[in-house]
Amino acid sequence: QAASDSALPGDLIIITPGRYRGVEVEETGGESGAYIHFLGWGEPGSVIVDTPADPDKGYLRHHFYFINTHHYIIQNLAFENADRGAGIFFSGYFSETGSFAHHMVVMDVYSHDNGEWGMHSTATSYVVVQDSIFTNSVYEHGLYLSGSGDNIVVRRNVFQGNIASGLQINPDPQTATMELFYWLDNSTGDVC
């Protein structure tokens, strides 16, 4: 978490083999051509994230939790046993922020045996998920892309043994519209 909190655009965060708590990242990010990069060092599956960043916060049940963020790469990490959540979760949290998360890359990830999803995104655009494995989600999907979002690429992944679908994509214009109205109702009046 400390490395994530101090990361600047273009920084590489190398995580050596072992077991780790996750991270919470809110309202920050890299830049075009200067992504913040989380890189697991070593053999695939040797860097394991198996606990939320703060297990005492019930609402933060995801291991890598990114809200209203942009320009991140997550590579060569294993996510397991997110009890009631996702190994990786991205959201713009549009109803509160009025914006989407964007430019998020997930590659060479192994996300397995999580309570809800291997990975879930909502209100997130410009996402690439590639060369990853999503298996054995207990209640939901291996990879769930929901709540709108544009310019998403999913390629060369493996989905196996998830209780629901391996890959679930809901562009969901109705929910996106409802989120827009909710945000307009709660905004400060700065919207024209």
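The preceding data block contains the structure.
Residues numbered from 1 in each chain as written. Predicted model: local features only at pLDDT ≥ 70, side-chain atom pairs only at ≥ 80, totals over all residues. Heavy atoms only, no water.

A.B. asks: Could you give an account of the pattern of salt bridges, with specific residues and numbers?
C.D. replies: Per the counting criterion, the structure on display carries three salt bridges. When the shortest N-O distance is used, the salt bridge between arginine 19 and glutamate 80 registers 2.8 Å. Here the residue arginine 19 occupies a position in strand β2 (residues 18–21), and glutamate 80 occupies one in strand β8 (residues 78–80), the gap between them amounting to 61 residues. For glutamate 80, a relative accessible area of 10% gives the class buried. Among the salt bridges present, the one from aspartate 131 reaches arginine 156, with a minimum N-O distance of 2.7 Å. With aspartate 131 in the loop between β13 (124–130) and β14 (133–135) and arginine 156 in the loop between β16 (152–155) and β17 (158–160), this pair connects stretches of sequence that are 25 residues apart. Residue aspartate 131 is classed as partly exposed on the basis of its relative accessible area, which comes to 28%. Through salt bridges that share partners, Arg19, Asp50 and Glu80 make up one connected network. (Salt bridge = Lys/Arg side-chain N within 4 Å of Asp/Glu carboxyl O. Helix = DSSP H or I, 4+ residues; strand = E, 2+ residues; numbered from the N terminus. Buried < 20%, exposed > 50% of the residue type's maximum accessible area, 1.4 Å probe, protein only.)

A.B. asks: How would you sum up the nonpolar core? Please name residues and give values.
C.D. replies: Phe38, Phe64, Phe66, Ile74, Ile88 and Met119 are the most contacted members of the largest nonpolar core, which has 26 residues in total. Once residues lying within four places of it in the same chain are set aside, the contact partners of isoleucine 88 are Phe64, Ile74, Phe79, Val106, Val109, Gly118, Met119 and His120. Membership of the second largest hydrophobic core comes to six residues, among which are Tyr65, Ile67, Phe89 and Tyr144. (Core = buried A, V, L, I, M, F, W, Y, C linked by side-chain atoms within 4.5 Å. Contact = heavy atoms within 4.5 Å.)

A.B. asks: I'd like a rundown of the pairing of strand β12 (residues 117–122), residues and numbers included.
C.D. replies: Counted residue by residue, β12 has five buried out of six residues, so it is predominantly covered. Summarising the sheet, strand β9 (residues 86–91) and β12 pair through five bridges and their orientation is parallel. Residue pairing for β12: serine 91 is matched across the bridge by threonine 122. (Pairing = 2+ DSSP bridges.)

A.B. asks: Talk me through a nonpolar patch on the surface; I want residue IDs and the actual numbers.
C.D. replies: Residues Leu12, Ile14 and Trp41 make up a contiguous nonpolar surface patch of about 310 Å² in total accessible area. Residue position: leucine 12 is located in strand β1 (residues 12–15). (Patch = residues over 30% accessible without salt bridge, like charges linked within 9 Å, V, L, I, M, F, W, Y side chains within 5 Å. Areas by Shrake-Rupley, 256 points an atom, 1.4 Å probe, with all protein chains shown as cover.)

A.B. asks: Explain the sheet that holds strand β6 (residues 64–67) residue by residue, including any values.
C.D. replies: Spatially, β3-β6-β9-β12-β15-β18 is the arrangement adopted by the six strands of the open sheet, whose pairing is parallel. Unpaired on one side and paired on the other, β3 (23–26) and β18 (167–169) mark the two borders of the sheet. Taken over all neighbouring pairs, the strand axes of this sheet differ in orientation by 5 degrees on average, direction set aside. Alignment of β12 against strand β15 (residues 143–146), held across four bridges, turns out to be parallel. Note on β15: the bridge partner recorded for threonine 122 is serine 146. (Axes fitted to C-alpha atoms, helices over the stretch in contact; angles between N-to-C directions.)

A.B. asks: Break down the environment of glycine 29 for me, citing the residues and quoting the values.
C.D. replies: Relative to the helices and strands, glycine 29 resides in the loop between β3 and β4 (36–40). Assessed through its relative accessible area of 13%, glycine 29 is described here as buried. Residues glycine 29 and histidine 102 lie 73 residues apart in sequence; the distance between their C-alpha atoms is 9.5 Å. With residues near it in sequence (within four places) discarded, glycine 29 still touches Pro9, Ile36, His70 and Tyr72.

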